[in-house]
Amino acid sequence: MAGYNERTRGFVSIIIGWLKTGGTLTLTHVMTREQIIEALRQVKYPGFSRDIVSFGLVTGVEFTAPGTIVSLTVTTTDERVPRILQEQVAEVVGRLPGISRPVDVRVKINTSPSAANELPPREGIAGVRRIIAVASGKGGVGKSTVAANLAAAFHLLGMKVGLCDCDLHGPSLALMFGAGEQPTMDEDDLINPVTVSGIKLMSMGLLVDDDAPVILRGPMVTRYTQQFLRGVRWGELDALVLDLPPGTGDIALTVTQTLALDGAVIVSTPQEVALIDARKAVKMFAKVGVPVLGLIENMSYFTAPDSGRRYDIFGTGGARVEAEKLGVPLLAEVPIEMATREAGDRGRPIVLRDAGTPAARALLAAAEKIRGLL
Ligand SMILES: Nc1ncnc2c1ncn2[C@@H]1O[C@H](COP(=O)(O)OP(=O)(O)O)[C@@H](O)[C@H]1O
Ligand SMILES: [Mg+2]
C-alpha cells in the first residue's frame, strides 16, 4: 500500500507542478543526497586546495518541507571560514536542478566533544603559519622517521620549519637529528628550541638522558604538551611539524583538542593490523574536524641490494586501498631501506643525507604534495 501511496503522491505533485506552470510539464530530476554530496566536492576549504567532502566536513543533507538543509561541521577559530563555506555551499547547491528550495546551510563550529568546558578554544601558535601533525595508530611504523624527513624536506623546499616531538614517553627526534645541545630558557620562561640542520627542534629527548624513563601522568602530560607547543619560542615558521605519539591517548587528545591543526598525515605499514589502527587515527581527526591530508605507507617493500628483487615484507597495496576507502590521498609508498634506518640512527634524516634513495625520493615527493595541500 505504501508503494501505491508514494506513487500517487508523486503523480499528484507532478499534476500540481503542471497546473502551477500554466500547463508546461517540466520533468525535473530529483537530486539524491549522494548527488548533492558529489556536487559539494567543488567547494574547497578556504585556503586549501582540498574539498570539504574529502575533508569530512559535510555532516548531513536533509530534505524537509520548507527546503534542503546542508549541515557542515568545522573546527576553526577563524570566523570568516563558516561564512565563506555557507556562501559557497549555498551557491553550489542552489545551482543544482531539482533541488527543493530554499537551501539552508548550517555550519556547526566544533568544540571538543568532552572537555569543551575545561580546555581553552583551539588556537594557533603566534608566528606559525601551518601546523601539521604526523600521527599513526600503531607504534614502530616509522612515524618519527616520516616526521623528521618531512620537516627536513620542507626545509629543502625553502620553508622555515619547526619540529616538535610530542611523543613525551618515547622521544626519538633528538637522536634522529643528532642533537645533543640542551635548550635554554629565557627570563620570560620561554624555551628556545635548538636548531639542527636548519630546523628548529624541541624534544623531551633534549631534556632527559637517553636511558631515563619519562614518567608523566594525566594532567602533567597535558601541561608538558602545552609547554612544548606554546612555551617554546618558535618564532616565524612556515610550518610546524608535530610528531605525535602513536594512538589516541592523552597527548594526541590534548593536541587535537587545544591546537588549531591545519592537517594531519597518517603513517601506516601495509599490514592490516597497522591499517586498522590507522583508520582509528583518521577517524579521530575527522571527528574533531582536522583535515586528514593523506596516508603515508611506510615499509611498503624491500628491494634486495644484491639481487634487485622486491619483497613485500608487510604485504602490499594495503594503504592504497585504505586511502581510497577513506577518501584521502595516498601521499607516498616508502620502501624499507638500510640507508634510511642508518640515516636516522646517525642523526641525519635520509632526505638530507642522500636525497637520491627511493625512500628519500618518496618522502620528498610527499612533502611537496603536502605543501600543495596547505
Ligand atoms: N622506511 C624505512 N626503512 C628502514 N628503516 C625504517 C624505515 N622507517 C622506519 N625505520 C626504522 O624503524 C624503526 C622505527 O621507526 P620510528 O620512526 O622510530 O617509528 P615510530 O615513530 O612510528 O615508532 C627505527 O629504527 C627506524 O630507523
Ligand atoms: Mg616515534
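In this report, the structure presented in the accompanying data block is examined.

Cut-off values and rules
- Residues numbered from 1 in each chain as written.
- Chains lettered and ligands numbered in written order.
- Predicted model: local features only at pLDDT ≥ 70, side-chain atom pairs only at ≥ 80, totals over all residues.
- Helix = DSSP H or I, 4+ residues; strand = E, 2+ residues; numbered from the N terminus.
- Near = placed C-beta within 6 Å.
- Pairing = 2+ DSSP bridges.
- Axes fitted to C-alpha atoms, helices over the stretch in contact; angles between N-to-C directions.
- Contact = placed C-beta atoms within 7 Å.
- Parallel < 35°, antiparallel > 145°, perpendicular 65-115°, else oblique.
- Left-handed = near helix turned anticlockwise from the far one by under 90°.
- Nonpolar A, V, L, I, M, F, W, Y, C, P; charged D, E, K, R; others polar.
- Buried ≥ 20, exposed ≤ 12 C-beta atoms within 10 Å, placed from the backbone.
- Expected span 1.5 Å × (residues − 1).
- Core = buried A, V, L, I, M, F, W, Y, C linked by C-beta atoms within 7 Å.

1. With respect to the environment of V273
Mapped onto the elements, V273 comes out in helix 8 (residues 272–287). Here the alpha-carbon distance between V273 and G137, two residues 136 residues apart in the chain, equals 9.5 Å.

2. Things to note about the site of ligand 1
The immediate surroundings of ligand 1 are formed by 18 residues, with G142, K143, S144, T145 and R341 found nearest. Of all the secondary structure elements, the ones that give two or more residues to the shell around ligand 1 are helix 4 (143–156), strand 12 (292–303), strand 14 (330–336) and helix 10 (338–345).

3. A short note on the sheet that holds strand 1 (residues 58–64)
Spatial ordering of the open sheet is given by 1-2-3, a layout of three strands whose pairing is mixed. A strand with exactly one partner marks an edge of an open sheet, and here the two such strands are strand 1 and strand 3 (103–109). In this sheet, adjacent strand axes meet at a mean angle of 15° when their direction is disregarded. Bridging between strand 2 (residues 67–74) and strand 3 involves seven bridges; their strand directions are parallel. Counted as the bridge partner of I69 is D104 from strand 3. Packed on one face of the sheet, helix 3 (residues 80–95) meets strand 2 and strand 3 and runs near 150° to strand 3.

4. Some words on the packing of helix 4 against helix 12 (residues 358–373)
Packed helix pairs are characterised by how far apart their axes lie and by the angle those axes make with each other. One can describe the packing of helix 4 onto helix 12 by two numbers: an axis separation of 9 Å at closest approach and a directional angle of 70°. Considered as vectors, helix 4 and helix 12 are oriented roughly perpendicular to each other. Crossing angle aside, the handedness with which helix 4 passes helix 12 is right-handed. Counted together, V146, N149, L150, A153 and F154 of helix 4 and L363, L364, A366, A367 and I370 of helix 12 form the full contact between these two elements. The residue makeup of the contact of helix 4 with helix 12, split by class, is nine nonpolar, one polar and no charged.

5. Observations concerning the pairing of strand 9 (residues 199–203)
The buried fraction of strand 9 is high, at five of five residues. Along strand 9, one buried face is formed by I199, L201 and S203 and the opposite face, lined by K200 and M202, is buried too. As paired elements, strand 8 (residues 194–196) and strand 9 share three bridges and run antiparallel to each other. Bridging across to strand 9, T195 finds its partner in K200. A loop of two residues connects strand 8 with strand 9, the two strands running antiparallel in sequence, and S197 in this loop sits at a positive phi of about 45°.

6. So, unusual backbone geometry
With an omega of 0°, the peptide bond running from R101 to P102 counts as cis. Relative to the helices and strands, P102 resides in the loop between helix 3 and strand 3. One non-glycine residue, D189, lies in positive phi territory at about 65°. Relative to the helices and strands, D189 resides in the loop between strand 6 (184–185) and strand 7 (191–192). The exposure class assigned to D189 is exposed, which follows from the 8 C-beta atoms found within 10 Å. Positive phi values are uncommon outside glycine, yet S197 reaches one of about 45°. Mapping S197 onto the fold places it in the loop between strand 8 and strand 9.

7. What to know about the pairing of strand 10 (residues 237–243)
Where burial is concerned, most of strand 10 is hidden: six out of the seven residues are buried. Where strand 4 (residues 128–136) lies against strand 10, six bridges are found, and the strand directions are parallel. Considered in strand 10, the bridge of R130 is made with A239. When strand 5 (residues 161–165) meets strand 10, the two strands line up parallel, connected through five bridges. Bridging from a neighbouring strand, C164 pairs with L242 of strand 10.

8. What to know about helix 4
Residue pairs spaced three or four apart in an α-helix point in one direction, given the helix's 3.6 residues per turn. A rise of 1.5 Å per residue sets the reference length of helix 4, with its 14 residues, at 20 Å; its end C-alpha atoms lie 20 Å apart and thus fit the reference within 8%. Of all 14 residues in helix 4, 13 are buried, a share of seventy percent or more. G158 sits one or two residues past helix 4 and shows a positive phi near 90°.

9. Quick word on the nonpolar core
Core analysis: the largest hydrophobic core is formed by 81 residues, its most contacted members being V134, L150, V241, L242 and L363. For this core, the leading source of residues is helix 12, giving nine residues. Residue contacts for V134: discarding those within four places in its chain leaves K143, V146, A147, L150, V241, L242, D243, L244, V265 and V267. Within the second largest apolar cluster, 17 residues are counted, among which are Y45, V58, L85 and V93.

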